Amino acid sequence: MGIETSAANKKVKQVFELAKDKIPNSNLSPKTNTNSKGKRNRRRQHNKMVAVSPVQKLFNTCNEVFDSCSSGIIPSPDDIRKLKAVLDNFKPADVGLVPEMPHFQASVAGKTPVITYLHLHECDKFSMGIFCLPPSGIIPLHNHPGMTVFSKLLFGTMHIKSYDWVADVPASTSAVASPSKTKQPEVRLAKVKVNSKLTAPCETSILYPTDGGNMHCFTAVTACAVLDVLGPPYSDPDGRHCQYYLDFPFDNFSAMDGVSIPEEEKEGYAWLEEREKPEDLTVAGEHYDRSSNCGEVSLLPALHHPLLHIVIACHPF
């Protein structure tokens, strides 16, 4: 039996050696699976070719994070961290922006700076876009009803002032206006959440429907670019209307019954009064169309962001 096995093994070896002689540069051995190795190499090459761009990664992550969310529904803590991590790693080069671009050039003295909004994507679940602010550009105080908002300052220095409503203090016309006011407006008490400058690189800012500074104002100290993700986006039919506000120091109005703020804490509060969209606010809308970065991101054919005062049909960025 042992002799027959040895003979068989010898025959197999001869056949294998013959196969090697017929295949040039072959490194075949009886235990080598060349097909599997070749498939693995092809898979590696394919994966390199389909590397996901930062914008596409952001789009994919937003799709996951906001998939089951709606007005007033905040994503889970894990989803918040996931999306924040993607935005924290975002850089101006990922969207091809530099401060020297025309979007960021200072305006003529005495003229209100024009803000550019680069529209990346919008659906019924979320929106993605970039605000380009020249020095002294201002996005006025406005709210985000029922929304979770992620703001990533890509470059520049920006002053942010934000408020949250003081719980259990409704809007009222009973507050007495200061002598400079000609009428008794409806005002509501709000608490200052943030009142400071932010300089890139920095972490992503997050605000929630009732916390984190749901009403905020941006003022560009230098040229700034802000990547904004809103979930869900503004929608008038769904009751998510963008409302603008004027803010007044606490002492401008007499306190309503039951509202008492210690003297040393009054600077941390303000009265907010609803206003119409400021007439001098001009936001030029453009589609972001940098195909090398966008990958498969689907862009809407129109811009619907309520901050847009005048939509200009510009060439793609």
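All figures in this text were calculated on a predicted structure; none of them were measured in a lab.

Parameters and conventions
Residues numbered from 1 in each chain as written. Predicted model: local features only at pLDDT ≥ 70, side-chain atom pairs only at ≥ 80, totals over all residues. Heavy atoms only, no water. Helix = DSSP H or I, 4+ residues; strand = E, 2+ residues; numbered from the N terminus. Buried < 20%, exposed > 50% of the residue type's maximum accessible area, 1.4 Å probe, protein only. Contact = heavy atoms within 4.5 Å. Areas by Shrake-Rupley, 256 points an atom, 1.4 Å probe, with all protein chains shown as cover. Polar contact = N/O pair within 3.5 Å; in protein donor to acceptor, adjacent residues only side chain to side chain. Pairing = 2+ DSSP bridges. pLDDT = per-residue confidence, 0-100. Axes fitted to C-alpha atoms, helices over the stretch in contact; angles between N-to-C directions. Parallel < 35°, antiparallel > 145°, perpendicular 65-115°, else oblique. Nonpolar A, V, L, I, M, F, W, Y, C, P; charged D, E, K, R; others polar. Salt bridge = Lys/Arg side-chain N within 4 Å of Asp/Glu carboxyl O. Phe/Tyr/Trp six-rings, centres within 6.5 Å; stacked < 30°, edge-to-face > 60°.

**With respect to the overall build of the protein**
In terms of helices and strands, the protein carries five helices and twelve strands. Taking all 317 residues of the protein together, the buried fraction comes to 44%. Considering only intrachain contacts with a sequence separation of at least 6, the fraction spanning at least 24 residues in the protein is 80%. Carbon and sulfur atoms make up 53% of the accessible area of the protein, which amounts to about 17800 Å² in all.

**Details of the environment of Trp-271**
Residue placement: Trp-271 occurs in strand β11 (residues 269-275). For Trp-271 and Phe-248, which are 23 residues apart along the polypeptide, the C-alpha to C-alpha distance reads 5.1 Å. Within the structure, Trp-271 has its side chain in polar contact with the backbone oxygen of Phe-250 (distance 2.9 Å).

**Observations concerning the pairing of strand β9 (residues 224-231)**
When you tally the buried positions in β9, you get eight out of eight residues, the bulk of the element. Burial along β9 is two-sided: Cys-224, Val-226, Asp-228 and Leu-230 and Ala-225, Leu-227, Val-229 and Gly-231, pointing in opposite directions, are all buried. Bridge analysis of strand β2 (residues 127-133) against β9 gives seven bridges, and the strand direction is antiparallel. The residue bridging Cys-132 from the neighbouring strand is Ala-225, located in β9. Pairing analysis gives seven bridges linking strand β4 (residues 148-155) to β9, with the strands arranged antiparallel.

**Structural notes on the confidence of the model for the protein**
Looking at the protein, the pLDDT average stands at 80 and 70% of residues meet or exceed 70. Here residues 1-13 is a poorly scored stretch, pLDDT under 50, and it has zero contacts once near neighbours within four places are set aside; other chains count. Throughout residues 292-303 the model reports pLDDT below 50, and contacts reaching past four residues in sequence, or to other chains, amount to 39 contacts.

**Things to note about the packing of helix α3 (residues 54-65) against helix α4 (residues 77-88)**
It is the contact of α3 with α4, at a shortest axis distance of 10 Å, that shows an interaxial angle of 170 degrees. One way to sum up the angle between α3 and α4 is to call them roughly antiparallel. Seen from α3, the contacting residues are Lys-57, Leu-58, Thr-61, Cys-62, Glu-64 and Val-65; seen from α4, they are Asp-79, Lys-82, Leu-83, Val-86 and Leu-87. When the residues that make up the contact of α3 with α4 are grouped by side-chain class, the tally is six nonpolar, one polar and four charged.

**With respect to the pattern of salt bridges**
Throughout the structure, instances matching the rule amount to nine salt bridges. Residue Lys-266 is joined to Asp-251 by a salt bridge in which the shortest nitrogen-to-oxygen separation is 3.3 Å. Pair noted here: Lys-266 is in the loop between β10 (244-249) and β11 and Asp-251 is in the loop between β10 and β11, with a separation of 15 residues, a long-range link. For Asp-251, a relative accessible area of 53% corresponds to the exposed category. Linked by salt bridges that have partners in common, Glu-64, Asp-79 and Lys-82 make up one network.

**Some points on the packing of aromatic side chains**
For the coordinates displayed, the defined rule picks out nine aromatic pairs. Here the aromatic rings of Phe-104 and Phe-155 are separated by 5.0 Å at their centres, their planes lie at 65 degrees, and the arrangement is edge-to-face. Here the residue Phe-104 occupies a position in the loop between α4 and β1 (115-122), and Phe-155 occupies one in strand β4, the gap between them amounting to 51 residues. According to the relative accessible area criterion, Phe-104 is buried, its value standing at 2%. Judged by its relative accessible area of 9%, Phe-155 falls in the buried class. Centroid distance Tyr-117 to Phe-131: 4.7 Å. Interplanar angle 50 degrees. Geometry classified as tilted. In this pair, Tyr-117 sits in strand β1 while Phe-131 sits in strand β2, placing the two residues 14 residues apart along the sequence.

**Focus on the environment of Leu-272**
Structurally, Leu-272 can be placed in strand β11. Classification of Leu-272 by relative accessible area gives buried; the value is 2%. C-alpha separation for the pair Leu-272 and Tyr-244, spaced 28 residues apart in sequence, amounts to 9.5 Å.

**Some remarks on unusual backbone geometry**
The omega torsion across Ala-200 and Pro-201 is 0 degrees, close enough to zero to call that bond cis. Relative to the assigned elements, Pro-201 resides in the loop between β6 (187-199) and β7 (205-207). One non-glycine residue, Ser-136, lies in positive phi territory at about 75 degrees. You can see Ser-136 is positioned in the loop between β2 and β3 (138-142).

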